[in-house]
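Here is what each chain is made of, one letter per residue.
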Amino acid sequence: MKEMIIVLDFGGQYNQLIARRVRECGVYCEVHPYNTDPKELARLSPKGIILTGGPNSVYAEGSPLCTKEVFELGIPVLGICYGAQILAFVLSGKVQPAPVSEYGRTEVTIDEESVLFEGVKKTSVTWMSHTDYIAEAPEGFAVRAKTLNCPVAAMEDTSRKLYAVQFHPEVSHSEEGFRILGNFVKKVCGCACDWRMDSFVESSVRELRERIGNGRVLCALSGGVDSSVAAVLLSKAVGKQLTCVFVDHGLLRKNEGDEVEAVFGPDGPYDLNFIRVNAQEHFYEKLKGVTEPEKKRHIIGEEFIRVFEAEAKKIGQVEFLAQGTIYPDVIESGLGESAVIKSHHNVGGLPDHVDFKEIVEPLRMLFKDEVRKAGLELGIPEKLVFRQPFPGPGLGIRIIGEVTAEKVKMVQDADAILREEIGKAAEENPSWMPAQYYAALTNMRSVGVMGDDRTYDYAVALRAVKTDDFMTANAAPIPFELLSHITDRIVNEVDGVNRVFYDLTSKPPATVELE
Ligand code: XMP
């Protein structure tokens, strides 16, 4: 049986990070709602349970809590922040408002006697974020760390294998955090820490087979990393029971439709049913005369669903609808609601008129880099696995103003040149490889001269950004010679374009995409 740690979600903001850190320790980790039945926990038989932080006060009415039974399963428990206070509260210690709230970097002094703190510096910086604190540890608990304002920064009852820390070991600001989590996972829970992506792939295939049985699965394939990995995983599990519908909305990058078909179509390596819907004209028709960016997004998203539904109708009833949802797309409220899928300003949302019984989301528990690792493990071409992000509405939001087939062609051709040149240059100097780079078509036309003739053509904007999280971004420092070479190629090779700009603006105040 697979070694697993379960994180019980009490609504804290770092819950994803806890799961991620545990996996970095080599142990599979799942996040479950805080009110998961203890019997279910016993059935899942994890090697350890972690209670997350959360915004509530344990003693306030209606706050999310777990019952004592969770602590009587014989499974080691680590409570973090609010989770630590739950342990104290439920086991009859004392939790109360702290006279001084601690927020941010806080020095903690620990007692090295604890297994949790083996190899950890006696005094180290941790990340705190609390207004309540544990004033008195429950009976049977020994206090193992304190801060200036917090008498119980860590406590433990080794006989019952219950541990609690007031600080957040999962965030990188906690200097010794990773070691502390590692100690919990290895030394307290006794995990072998041998979970790797290949075991994820293997166990997912097995679980998908069990769940799907002889059922049929329908998947909307975009050619993006997530839906591609989900599709290949499913095809490994249930082969031809899977049908992938790829809607070519005519707003993809140059040759992208054919590239997706080459991988997933009948001549590709995978055993699945692949349907390509060439809906280019339909989308151009719907976008005729539309210039407002949000309206374009809405139309593209909506039509995508309608085209997908029409195709699905032809297939008839399927038991499962597959989605490439990944962990960051999932918001687990942690407060007893079922998980809500972010409407990820993406193409999609759920189709209303597809006849299916259940949704299957095989990547639901993975982070983006883990999805990529799974993709490589599954043998998906690197080019596809490491694709830069591409927005669902595609070139529709990279053509300012009205979208037409002619403009799509211009932006595709310019973008292909940019990607080819940056790709080549980054091979030599990978360090300045931008996180995202593309060409867009501005709605500006200007006068130029070509040969002896006057031109009145469009201007292309090049955008290349460095960013870690896409929330903020800086223009990538592309060498001037390279920019100049790309510009020459674009104006010479792309019909209808006579000027090229490079966008130097950061985000904020700009955004990554032009629309
Ligand atoms: P912005 O333009 O918001 O972009 O700074 C940040 C990241 O999000 C992507 N993006 C989108 N992705 N549908 C998507 O699937 C969209 O409508 C959309 N708008 C922006 C963008 O490519 C960048 O990676």
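Residues numbered from 1 in each chain as written. Predicted model: local features only at pLDDT ≥ 70, side-chain atom pairs only at ≥ 80, totals over all residues. Heavy atoms only, no water.

(A) Up close: the overall build of the protein chain. Looking only at helices and strands, one finds 13 helices and 20 strands in the protein chain. Projected onto its principal axes, the C-alpha positions of the protein chain cover 90 × 55 × 45 Å. Expressed as a percentage of its 515 residues, the buried residues of the protein chain come to 56%. Sequence-distant contacts in the protein chain: of pairs separated by 6 or more residues, those separated by 24 or more amount to 74%. Total accessible area on the protein chain is roughly 23000 Å²; 49% of this is exposed by carbon and sulfur atoms. For the protein chain, the distance from the average site of its 57 positive side-chain charges to the average site of its 76 negative ones is 1 Å. (Helix = DSSP H or I, 4+ residues; strand = E, 2+ residues; numbered from the N terminus. Buried < 20%, exposed > 50% of the residue type's maximum accessible area, 1.4 Å probe, protein only. Contact = heavy atoms within 4.5 Å. Areas by Shrake-Rupley, 256 points an atom, 1.4 Å probe, with all protein chains shown as cover. Lys, Arg positive; Asp, Glu negative; His and termini not counted. Charge placed at Lys NZ, Arg CZ, Asp CG, Glu CD.)

(B) Spatial organisation of the sheet that holds strand S12 (residues 273–278). Reading across from one edge, S12-S11-S10-S13-S16 is the order of the 5 strands in this open sheet, with parallel pairing throughout. The outermost strands of the open sheet, each flanked by one partner alone, are S12 and strand S16 (358–360). The mean angle between the axes of side-by-side strands here comes to 25°, regardless of whether they run parallel or antiparallel. Here strand S11 (residues 242–248) runs beside S12; their pairing, made up of 6 bridges, is parallel. Residue Thr243 lies in a different strand from S12, and its bridge partner there is Asn273. Contacts from helix H5 (residues 197–212) reach strand S10 (217–220), strand S13 (320–322) and S16, with the element oriented near 170° to S16. Here helix H9 (residues 293–315) sits on the sheet in contact with S10, S11, S12 and S13, set at roughly 145° to S11. (Pairing = 2+ DSSP bridges. Axes fitted to C-alpha atoms, helices over the stretch in contact; angles between N-to-C directions.)

(C) Expanded view of the domain arrangement of the protein chain. Domain annotation for the protein chain reports domain 1 (4–188), domain 2 (197–385) and domain 3 (398–503). Here domain 2 and domain 3 have C-alpha centroids that lie 29 Å from each other. The interface is formed by 12 residues belonging to domain 2 together with 12 residues belonging to domain 3. Here domain 2 and domain 3 share an interface that buries about 950 Å² over both sides, 55% of which is from carbon and sulfur atoms. The largest share of the area that domain 2 buries against domain 3 comes from Arg253, Lys254 and Tyr284, three residues that together contribute 50% of it. Counting every contact that joins domain 2 to domain 3 gives 1 salt bridge. When the shortest N-O distance is used, the salt bridge between Asp413 and Lys254 registers 3.1 Å. Seen at the junction of domain 2 and domain 3, the total is 5 residue pairs in polar contact (both at pLDDT 80 or more). Of the residues that constitute the side of domain 2 that touches domain 3, the class distribution is 5 nonpolar, 3 polar and 4 charged. (Domains from an automatic or database assignment. Buried area = accessible area lost by both parts, 1.4 Å probe. Salt bridge = Lys/Arg side-chain N within 4 Å of Asp/Glu carboxyl O. Polar contact = N/O pair within 3.5 Å; in protein donor to acceptor, adjacent residues only side chain to side chain. Nonpolar A, V, L, I, M, F, W, Y, C, P; charged D, E, K, R; others polar.)

(D) Layout of the nonpolar core. Grouped together as the largest cluster of nonpolar side chains are 160 residues, with contacts concentrated most on Ile50, Leu51, Phe71, Phe264 and Ile490. With 9 residues, the top contributor of residues to this core is helix H6 (residues 225–238). One finds Ala440, Val465, Ala473 and Val512 within the second-largest nonpolar core, a separate group that totals 5 residues. (Core = buried A, V, L, I, M, F, W, Y, C linked by side-chain atoms within 4.5 Å.)

(E) Region of the structure containing the pairing of strand S5 (residues 94–110). Note that S5 and strand S6 (residues 123–136) share 12 bridges and pair antiparallel. Considered in S6, the bridge of Pro97 is made with Asp132.

(F) H5, seen in detail. The end-to-end C-alpha distance of H5 is 22 Å, a good match for the 22 Å that 16 residues give at a rise of 1.5 Å each. Within the span of H5, buried status applies to Met197, Phe200, Val201, Ser203, Ser204, Val205, Leu208 and Ile212. Structurally, H5 contributes buried residues whose contacts are with strand S2 (28–33), S10, H6, S13, S16 and helix H10 (368–377). A positive backbone phi angle near 55° is found at Gly213, which sits one or two residues after H5. (Expected span 1.5 Å × (residues − 1).)

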